[in-house]
Amino acid sequence: MKAHWILPDGSTITAEVREGQNLMEAAVAANVPRVIGECGGSLSCATCHVFVAPDWATKTGAVGEFEDAMLDVAEAERQPTSRLSCQIKMSPALDGLTLIVPA
């Protein structure tokens, strides 16, 4: 399965992502700039903040309570499709998912 990250300069990084892997881990493995994942996915930072492309937003699931709180302290301004990529797990339904990395 593939995921695509659109970078602030408009370029795209595409990577293979295994089923069940979270998109923060996949981004770090693919050297996606600005997706750091300092806390390793434990919801104690917001360094994996991304915007889900609008056409994918409903497919990635709802924002949980702790994720919602962390998005409020993310470095980039929160948008309607903001998510912490550590909370999105790859599945066949997300094959081709596009995430936008905030500037």
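Residues numbered from 1 in each chain as written. Predicted model: local features only at pLDDT ≥ 70, side-chain atom pairs only at ≥ 80, totals over all residues. Heavy atoms only, no water.

## Some points on the pattern of salt bridges
Here comes step 1: Here the structure, examined in full by the defined rule, presents five salt bridges.
Here comes step 2: Glutamate 16 is paired through a salt bridge with lysine 2; the nearest N and O atoms lie 2.6 Å apart. Here glutamate 16 is found in strand E2 (residues 12-16), whereas its partner lysine 2 is found in strand E1 (residues 2-6), with 14 residues between them in sequence.
Here comes step 3: Using a relative accessible area of 53% as the deciding quantity, one classes glutamate 16 as exposed.
Here comes step 4: The salt bridge involving glutamate 75 is made with arginine 34; its shortest N-O contact spans 3.5 Å. Note that glutamate 75 is positioned in the loop between helix H2 (65-71) and strand E4 (82-84) and arginine 34 in the loop between helix H1 (23-29) and strand E3 (49-52), a separation of 41 residues in sequence.
Here comes step 5: Take arginine 34: its relative accessible area is 42%, and that puts it in the partly exposed class.
Here comes step 6: Because the salt bridges share partners, they merge into one network encompassing Asp68, Asp72 and Arg78. (Salt bridge = Lys/Arg side-chain N within 4 Å of Asp/Glu carboxyl O. Helix = DSSP H or I, 4+ residues; strand = E, 2+ residues; numbered from the N terminus. Buried < 20%, exposed > 50% of the residue type's maximum accessible area, 1.4 Å probe, protein only.)

## Quick look at the side chain of arginine 83
Here comes step 1: Mapped onto the secondary structure, arginine 83 falls in strand E4.
Here comes step 2: The exposure class of arginine 83 is buried, given its relative accessible area of 4%.
Here comes step 3: Within the structure, the side chain of arginine 83 is placed 3.1 Å from the backbone oxygen of glycine 61, a separation counted as a polar contact.
Here comes step 4: Apart from residues lying up to four places away in sequence, arginine 83 is in contact with Cys48, His49, Val50, Val52, Thr60, Gly61, Ala62, Val63, Glu67, Leu71 and Ile88. (Polar contact = N/O pair within 3.5 Å; in protein donor to acceptor, adjacent residues only side chain to side chain. Contact = heavy atoms within 4.5 Å.)

## A word on the sheet that holds E3
Here comes step 1: Taken together, the five strands give an open sheet; going across it, the order is E2-E1-E5-E3-E4, and neighbouring strands pair in mixed fashion. Of all the strands in the sheet, just E2 and E4 have a single pairing partner and so form its edges. With strand direction ignored, the average angle separating the axes of adjacent strands in the sheet is 35 degrees.
Here comes step 2: Bridging between E1 and strand E5 (residues 97-100) involves four bridges; their strand directions are parallel. From the neighbouring strand, tryptophan 5 faces E5, where its bridge partner is leucine 99. (Pairing = 2+ DSSP bridges. Axes fitted to C-alpha atoms, helices over the stretch in contact; angles between N-to-C directions.)

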